[in-house]
Amino acid sequence: MVQKLQSVKAFSPTKVAEAHATIPETSQRSVNSEVRYGEVWVWVEHLHGKAAPVSWELLGEGKRLATKYETELAAVVIGNAVSHLAKEAFVQGTDKVYLVQEESLEDYRTQPYAIALTQAVKMFKPEALLLGGTIRGRDLAGSAATLIETGLIADCTALDVDLETGTFLGTRPDYGGNLMSTIICPKHRPTMVSVRPRVMKSLPQDQSRHGEVVNVDVTLKPEDLNTEVLNFVPIEKVGVRLEDAQIIVSGGRGLGSGRNFHLIEELAQQLQAQVGASRAAVRAGWIGYEHQVGQTGLTVRPRVYIAVGISGAIQHIVGIMNVDYIASINRDPNASIFKMSDFGLIGDLFNIVPALTEELKSTSTELAPWRRSSTQ
Ligand code: FAD
């Protein structure tokens, strides 16, 4: 893999083309636009037949990339009795589904899933393969990339295509989050990438959509099934669920002390919001890690994100890149957070936040409809 420590714009197409020139003919499918590209694939992750939303988000992004490549978008569904997921994938925007069904693929297990995916990839040769950056997605991505002998760009926050060279570009925070790297995989196909949940946007659902289902036969030998699932015990996640919140109020180091975090909690209560935090606040022990937003915390996607006393370090920003509206309160007019905020209040949070909370307390439900229909 080749790594460029610069933005996509700083890319050198010449260098990429040179690198392509060393690839054997058979794998040079994406060197220039005269050669027909392979498809863009998305692995449909599911637990006992229930799809992980990240799969549909990746179909949304995959559609954009497939359009750029002038190729088809395909979903690859692996499991047992999972044809309903093929139907769902069409509703979510795929053009085609590769359906791998086997009794032994009933439960997710690393080795058989990686082998099944590898066999499908070797049969149909996609250009790019997108997987969710979830526990199972990361596990499968790494194992399958090793078997396929291709490159994996993990935890991408942006994907694109260099149209001049046909090269797939994966951008991700790197070097402790201090730089955004754009990484390419010039010598092998497919380029595999993982993307965290809530980073990409799914397409509007269309119940009338349908398409071609390709049933894929894979061969799994007894020695490929090296683990056995004896029982499944789900762990119920209780307490904070920032992932599903519609409104988040986050506090940072600007609060000065854990004793002041109640200001965030009171504002959040009036907005029926969840409470988030920067790593500085978490590290200071003012609030638990489950509240941390950012690169080493959660990627969130609420309708509204209110950042209070947070400077807007890149490691925090990567967790809120796809929020609909960001509002920030900071006393430093040059704070980076303002660069990506839709609304900004410059001033002392100790004056602004209590005043906002008081104002909201006196606001009728008519003007604050979220009080009636909170979907936290
Ligand atoms: P600061 O940067 O100190 O900002 C405090 C802000 O509060 C300042 O802008 C200041 O102007 C403002 N302020 C101060 N007093 C007031 C006041 N009275 N009224 C109004 N405003 C005031 N960070 C994350 O958040 N999430 C992550 O997941 C994460 N992962 C990381 C991973 C790595 C590998 C590394 C190296 C760092 C990571 N960080 C992460 C840390 C990140 O680099 C920043 O240090 C952190 O986000 C800063 O938190 P902050 O904005 O709360 O604090």
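Predicted model, so just to flag it, every value in this text is computed and none were measured. (Residues numbered from 1 in each chain as written. Predicted model: local features only at pLDDT ≥ 70, side-chain atom pairs only at ≥ 80, totals over all residues. Heavy atoms only, no water.)

**With respect to the overall build of the protein**
Here is step 1: When helices and strands are tallied, the protein shows 9 helices and 18 strands.
Here is step 2: Residues classed as buried in the protein amount to 52% of the 376 residues present.
Here is step 3: Taking all contacts inside the protein whose residues are at least 6 apart in sequence as the whole, residues at least 24 apart take part in 67%.
Here is step 4: About 18100 Å² of surface is accessible on the protein, with carbon and sulfur atoms providing 52% of the total. (Helix = DSSP H or I, 4+ residues; strand = E, 2+ residues; numbered from the N terminus. Buried < 20%, exposed > 50% of the residue type's maximum accessible area, 1.4 Å probe, protein only. Contact = heavy atoms within 4.5 Å. Areas by Shrake-Rupley, 256 points an atom, 1.4 Å probe, with all protein chains shown as cover.)

**Considerations on helix H3 (residues 83-91)**
Here is step 1: Every buried residue belonging to H3 is among Leu 85, Ala 86, Ala 89, Phe 90 and Val 91, and all of these are buried.
Here is step 2: Residue Gly 93 follows H3 closely and has a positive phi angle near 120 degrees.

**As for the nonpolar core**
Here is step 1: Val 97, Leu 130, Leu 159, Phe 168, Val 193 and Val 195 are the most contacted members of the largest nonpolar core, which has 34 residues in total.
Here is step 2: Looking at this core element by element, the count peaks at 7 residues for helix H2 (residues 53-69).
Here is step 3: Ala 74, Ile 115, Ala 120 and Val 214 belong to the second largest nonpolar core, which has 27 residues in total. (Core = buried A, V, L, I, M, F, W, Y, C linked by side-chain atoms within 4.5 Å.)

**Some points on the pairing of strand E15 (residues 274-277)**
Here is step 1: Along E15, one buried face is formed by Gln 274 and Gly 276 and the opposite face, lined by Val 275 and Ala 277, is buried too.
Here is step 2: Bridge count between strand E14 (residues 247-251) and E15: 4 bridges; the pairing is parallel. Bridge assignment links Val 249 to a residue of E15, and that residue is Val 275.
Here is step 3: With respect to chirality, the unit in which E14 leads through helix H6 (residues 262-271) into the neighbouring parallel E15 is right-handed. (Pairing = 2+ DSSP bridges. Right-handed = clockwise from strand over helix to strand, strands pointing away.)

**So, helix H5 (residues 135-148)**
Here is step 1: Taking 1.5 Å per residue as the helical rise, H5 with its 14 residues ought to reach 20 Å, and the 20 Å between its terminal C-alpha atoms agrees with that figure.
Here is step 2: Those residues of H5 that sit buried are Gly 137, Leu 140, Ala 141, Ser 143, Ala 144, Ala 145 and Ile 148.
Here is step 3: Residues of H5 that are buried in the fold lie against strand E2 (40-44), helix H4 (110-124), strand E7 (128-132), strand E8 (152-156) and strand E12 (191-195).
Here is step 4: Looking one or two residues past H5, Glu 149 carries a phi angle of roughly 65 degrees, positive in sign. (Expected span 1.5 Å × (residues − 1).)

**Observations concerning the sheet that holds E12**
Here is step 1: Here 7 strands make up an open sheet; going across it, the order is E8-E12-E7-E2-E5-E6-E13 and the pairing parallel. One side of each edge strand has no neighbouring strand; the edge strands of this open sheet are E8 and strand E13 (212-215). Strand-to-strand twist in this sheet, taken as the mean axis angle between neighbours without regard to direction, amounts to 25 degrees.
Here is step 2: Of the strands in this sheet, strand E5 (73-79), strand E6 (96-101) and E13 touch H3, which is tilted by about 165 degrees from E6. (Axes fitted to C-alpha atoms, helices over the stretch in contact; angles between N-to-C directions.)

**Quick look at the layout of surface pockets**
Here is step 1: Size it by volume and the largest pocket reaches roughly 1200 Å³.
Here is step 2: Along its surface, the largest pocket is lined by 27 residues, and Glu 45, Ala 52, Thr 134, Arg 136 and Arg 241 are the ones closest to its centre.
Here is step 3: Broken down by secondary-structure element, the contributors of at least two residues to the lining of the largest pocket are strand E4 (50-51), H2 and H5.
Here is step 4: Across the lining of the largest pocket, the residue classes tally to 12 nonpolar, 4 polar and 11 charged.
Here is step 5: Here the lining of the largest pocket spans two domains, and each of domain 1 (13-224) and domain 2 (242-374) adds at least three residues to it. (1 Å grid on protein atoms, 1.4 Å probe; cavity = no way out; pocket = protein on both sides within 12 Å on 5 of 7 lines; lining within 4 Å. Points joined across faces, edges and corners; volume = space filled by probe spheres on them. Nonpolar A, V, L, I, M, F, W, Y, C, P; charged D, E, K, R; others polar. Domains from an automatic or database assignment.)

**Here's the deal with unusual backbone geometry**
Here is step 1: Between Arg 189 and the following residue, Pro 190, the backbone shows a cis peptide bond with an omega angle of -5 degrees.
Here is step 2: Positionally, Pro 190 belongs in the loop between strand E11 (179-184) and E12.
Here is step 3: Of note in the backbone geometry, Asp 155 takes a positive phi value of approximately 60 degrees without being a glycine.
Here is step 4: What makes Asp 155 partly exposed here is its relative accessible area of 21%.

**Focus on the sheet that holds E15**
Here is step 1: One open sheet accounts for 5 strands, arranged E15-E14-E16-E17-E18; its pairing is parallel. Because the sheet does not close on itself, it has two edges, and the strands there are E15 and strand E18 (343-346). Going from strand to strand, the sheet's axes swing by 15 degrees on average, the running direction of each strand aside.
Here is step 2: Summarising the sheet, strand E16 (residues 304-308) and strand E17 (residues 325-330) pair through 5 bridges and their orientation is parallel.

**So, the site of the ligand**
Here is step 1: Surveying the vicinity of the ligand reveals 26 residues, the closest of which are Ser 278, Thr 296, Ser 311, Gln 315 and Asn 330.
Here is step 2: Interatomic distance of 2.7 Å between a side-chain N/O atom of Asn 330 and an oxygen atom of the ligand.
Here is step 3: Computed on the free molecule, the ligand has an accessible area of 990 Å², of which 81% lies beneath the protein chains in the complex.
Here is step 4: For the shell around the ligand, the secondary structure elements donating two or more residues are helix H7 (279-283), helix H8 (314-317) and helix H9 (349-361).
Here is step 5: Of the residues assigned to the shell around the ligand, the class counts are 6 nonpolar, 15 polar and 5 charged. (Near = heavy atom within 4 Å. Polar contact = N/O pair within 3.5 Å; in protein donor to acceptor, adjacent residues only side chain to side chain.)

**Here's the deal with the environment of Leu 349**
Here is step 1: In this structure, Leu 349 sits in helix H9.
Here is step 2: For the pair formed by Leu 349 and Arg 331, sequence separation is 18 residues and the distance between their alpha carbons is 7.3 Å.
Here is step 3: Setting aside chain neighbours within four positions, we find Leu 349 in contact with Gly 254, Leu 255, Leu 263, Val 308, Gly 309, Ile 329 and Pro 354.

**Quick notes on the packing of aromatic side chains**
Here is step 1: Counted by the stated rule, this structure contains 6 aromatic pairs.
Here is step 2: Ring centres 6.5 Å apart and planes at 45 degrees place the aromatic pair Trp 41 and Phe 124 in the tilted group. In this pair, Trp 41 is assigned in strand E2 and Phe 124 in helix H4, connecting sequence segments 83 residues apart.
Here is step 3: Since its relative accessible area comes to 0%, Trp 41 is described here as buried. (Phe/Tyr/Trp six-rings, centres within 6.5 Å; stacked < 30°, edge-to-face > 60°.)

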